[in-house]
Amino acid sequence: MSDIDRNDNTRCGFVALVGAPNAGKSTLLNALVGSKIAIVTHKVQTTRSRLIGVAIHDNAQMVFVDTPGIFSAKKRLERAMVAAAWDGANDADVVVLLVDASRKIEDSTIQIAVGLRERKKKSILVLNKIDLVKRDSLLALSKELNDLCSFEETLMISAKTGNGLDDLRDILTSLLPVGPWLYPEDQLTDVTERMLASEITREKFFLRFHEELPYAATIETERWKDLKDGSVRIEQVIYVERDSQKKIIIGKGGQGLKTIGKMAREELEELLGRRVHLFIFVKVRKGWSDDKERYQNMGLDWVK
Ligand SMILES: Nc1nc2c(ncn2[C@@H]2O[C@H](COP(=O)(O)OP(=O)(O)OP(=O)(O)O)[C@@H](O)[C@H]2O)c(=O)[nH]1
Ligand SMILES: [Mg+2]
């Protein structure tokens, strides 16, 4: 038994990061954990499923849960994403409602605040992206949301610059239940290397393609082979709905796919600390977003 186990004063708990799409949840998770676990893009609905990042602060082990953005979902994939986000909030000891303070309050943010009040969740309000706004504009925003839900605290941060994160850590630590740590001290996440590899390719895909294309694709790592020379061979498949989408992705002379492959490979090599041979194939699978198996691979529950 380590000293930590014997110490009655340790704290541990789940902190769900919820908010409208693009609020900066994944950026915040990465900043709090100090490692890139979740992919980040300037586009909405980047995160598709829940994942955890573990951080230690003083005597507390904080298990952060990154969630997909909550919005009025229509398609099955969207509904599964929003369901995963609410599951994250429901299971958490403390919920952080993260809001992009550089924009007008979105309807989804209001819905989340009301949802948290109804669920009587212990929640704090965190206004993000304060590097983009004047402080005095934050007060009205804070008041409007505090009128909807009685947050334990309101904080202002920039997940990007790190401003305000120490205060956030202190407050969260004080709100977590007393109890033993749940994860080994060296565990940062529940994301497997395979999953992270798929996600990194999806990040590059989101950055490279526009309009509906990012949302029409899912990416899976189908093979992972460690080679004798220390390098790794990774085979991935991008599933799309239509042949026309496949053509755009591959691009003239395979240029589209090459660009994504190069960007993903470089990042994977840095992350894994070894050479990566990355092979990406594009397959048309009509109706993949209504296919149960894809949801399992994305880490999402099937929704009716
Ligand atoms: N200027 C600024 N940009 C930020 C900050 N935090 C996040 N961003 C940017 O906001 C965009 C969205 O960030 P994400 O972390 O992907 O947001 P998210 O809430 O996880 O989005 P979804 O997964 O789509 O719900 C990215 O372009 C980030 O770089 C911040 O504090 N300041
Ligand atoms: Mg995200």
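Keep in mind that what you see is a predicted model, and the values were worked out from it rather than measured.

## Here's the deal with the overall build of the protein chain
- Assigned secondary structure in the protein chain consists of 10 helices and 9 strands.
- Taken over C-alpha atoms, the radius of gyration comes to 20 Å for the protein chain, in line with the 19 Å a tight globule of 304 residues would show.
- Long-range contacts, defined as pairs at least 24 residues apart, comprise 69% of the intrachain contacts of the protein chain with a sequence gap of at least 6.

## Some remarks on the nonpolar core
- Counting residues in each nonpolar core, the largest one holds 81 residues, and the members touching the most others are Val-15, Val-18, Phe-64 and Leu-97.
- In terms of residue count, the dominant contributor to this core is helix H3 (residues 76–91) (7 residues).
- In terms of domain composition, this core takes at least three residues from each of domain 1 (3–175) and domain 2 (193–298).
- The contact partners of Val-15, leaving out residues within four places of it in the chain, are Met-62, Val-63, Phe-64, Val-65, Ala-92, Asp-93, Val-94, Val-96 and Leu-172.

## What to know about the site of ligand 1
- Contacts to ligand 1 come from 24 residues, most closely from Gly-24, Ser-26, Thr-47, Gly-69 and Lys-160.
- Looking at the shell around ligand 1, the element that brings in the most residues is helix H2 (residues 25–33), giving 3 residues.

## Side note on the domain arrangement of the protein chain
- Structurally, the protein chain comprises domain 1 (3–175) and domain 2 (193–298).
- Centre-to-centre, using C-alpha coordinates, domain 1 lies 28 Å away from domain 2.
- If you look at the interface, domain 1 gives 11 residues, while domain 2 gives 12 residues.
- In terms of residue class, the side of domain 1 that touches domain 2 is built from 3 nonpolar, 4 polar and 4 charged.

## Focus on unusual backbone geometry
- Although it is not a glycine, Gln-45 adopts a positive phi angle of roughly 55°.
- When the 19 C-beta atoms within 10 Å are taken as the criterion, Gln-45 is described as partly exposed.
- The backbone of Asp-58 sits at a positive phi, close to 50°, despite the residue not being glycine.
- Tracing the backbone through its elements, the reader meets Asp-58 in the loop between strand E2 (51–57) and strand E3 (60–66).
- Take Asp-58: there are 11 C-beta atoms within 10 Å of it, and that puts it in the exposed class.

## Quick notes on the sheet that holds strand E8 (residues 232–240)
- Spatially, the 3 strands line up as an open sheet ordered E7-E8-E9, and their pairing is mixed. A single partner strand is all that each edge strand has here, and the edge strands are strand E7 (217–226) and strand E9 (276–284). Each strand of the sheet is rotated relative to its neighbour by a mean of 20°, with strand direction disregarded.
- For E7 and E8, the ladder comprises 9 bridges, and the chain directions are antiparallel. Of the residues in E8, the one forming a bridge with Trp-224 is Ile-234.
- Set on the sheet, helix H8 (residues 243–250) makes contact with E8 and E9; between it and E9 the angle comes to about 150°.

## Here we look at the sheet that holds strand E5 (residues 123–128)
- Strands sit in the order E2-E3-E1-E4-E5-E6 across an open sheet of 6 strands; the sheet is mixed. Only two strands of the sheet have a single partner each, and these edge strands are E2 and strand E6 (154–156). Averaged over all neighbouring strand pairs, the angle between strand axes comes to 25°, with direction disregarded.
- Taken together, the 6 bridges between strand E4 (residues 94–100) and E5 define a ladder with parallel strand orientation. Bridge pairing in E5 places Asp-100 opposite Asn-128.
- Strands in contact with H3 are strand E1 (11–19), E3 and E4; relative to E1, the strand with the most contacts, it is inclined by about 145°.

Rules behind the numbers
Residues numbered from 1 in each chain as written. Chains lettered and ligands numbered in written order. Predicted model: local features only at pLDDT ≥ 70, side-chain atom pairs only at ≥ 80, totals over all residues. Helix = DSSP H or I, 4+ residues; strand = E, 2+ residues; numbered from the N terminus. Rg over C-alpha atoms; globule rule 2.2 N^0.38 Å. Contact = placed C-beta atoms within 7 Å. Core = buried A, V, L, I, M, F, W, Y, C linked by C-beta atoms within 7 Å. Buried ≥ 20, exposed ≤ 12 C-beta atoms within 10 Å, placed from the backbone. Domains from an automatic or database assignment. Near = placed C-beta within 6 Å. Nonpolar A, V, L, I, M, F, W, Y, C, P; charged D, E, K, R; others polar. Pairing = 2+ DSSP bridges. Axes fitted to C-alpha atoms, helices over the stretch in contact; angles between N-to-C directions.

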